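Working through the structure, step by step
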Amino acid sequence: WANTDWHNILSKELSLSIDKHDEFNGTLVESCIALIHSHHIIEADKIQCVKKNASKLSLGGFIKIGRPGLILVEGSEADCDQMMEALAQSKKIFHSNTFKCGAKVRRNVIDIDSGRCLPRKIEELENKIGMDELSCICEKLGLLQPLNDIISH
């Protein structure tokens, strides 16, 4: 039931945020969703580092554990860029791991928090079910092709 309900909930939230924009006549801000990838994210200290950095930057989203390691974050574009920098500077934890930004999607929202499509805090996705969930989310956000490009390499 989780797969079906999750997709229904996400679809409903996406349509609600679109409806809010149609009614709003003020100034909108730009929200960014970034798809970040690495060869793998497996170790607990690496997962915690990603979550900690995301929390400090008020980013929410998902981390897909395993190979490839995938991070989907949402917040301001500046915060998404700072997340990339923080991961690059965490060499003590990630050693030679390199993170790359596979793609970004920008959206105009009333404010970052009320316009979120992704969870407010980083949630872990694992195994094939996690990859299926991430694929569905990326498809709705227009990031399916970049995700497929990452997976195929």
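For the structure itself, look to the data block above.
Residues numbered from 1 in each chain as written. Predicted model: local features only at pLDDT ≥ 70, side-chain atom pairs only at ≥ 80, totals over all residues. Heavy atoms only, no water.

**Description of the overall build of the protein**
Each helix and strand in the protein was counted, giving 6 helices and 5 strands. Going from the N terminus to the C terminus, the protein shows its helices and strands as α-β-α-β-β-α-α-β-β-α-α. Taken over 153 residues, the protein has a buried fraction of 45%. Across the protein, the fraction of contacts at a sequence separation of at least 24, relative to all contacts at a separation of at least 6, is 81%. Accessible surface for the protein amounts to roughly 8,400 Å². Of this, 52% is attributable to carbon and sulfur atoms. (Helix = DSSP H or I, 4+ residues; strand = E, 2+ residues; numbered from the N terminus. Buried < 20%, exposed > 50% of the residue type's maximum accessible area, 1.4 Å probe, protein only. Contact = heavy atoms within 4.5 Å. Areas by Shrake-Rupley, 256 points an atom, 1.4 Å probe, with all protein chains shown as cover.)

**Observations regarding the side chain of Asn53**
You can see Asn53 is positioned in helix H2 (residues 44-56). Setting aside residues no more than four positions away along its own chain, Asn53 makes contact with Met83, Ala86, Leu87 and Ser90.

**Notes on the environment of Ser90**
Considering the arrangement of structural elements, one finds Ser90 in the loop between helix H3 (77-88) and helix H4 (91-94). Accessibility expressed as a relative area gives 13% for Ser90, which makes it buried. In this structure, the C-alpha to C-alpha distance between Ser90 and Lys46, residues 44 residues apart in sequence, is 9.3 Å.

**Here's the deal with the nonpolar core**
Residues Ile36, Ile63, Ile71, Val73 and Met83 are the most contacted members of the largest nonpolar core, which totals 19 residues. Elements that contribute at least two residues to this core include exactly strand E1 (29-38), H2, strand E3 (69-75) and H3. Among the elements that make up this core, the one with the highest residue count is H3 (4 residues). Those residues in contact with Ile71 that sit more than four places away from it in its chain are Ala34, Leu35, Ile36, Ile41, Val50, Phe62, Ile63, Leu87 and Phe99. In terms of nonpolar packing, the next biggest core, distinct from the first, is built from 18 residues, Cys117, Leu125, Cys138 and Ile150 among them. (Core = buried A, V, L, I, M, F, W, Y, C linked by side-chain atoms within 4.5 Å.)

Shape descriptors only; they carry no functional weight alone.
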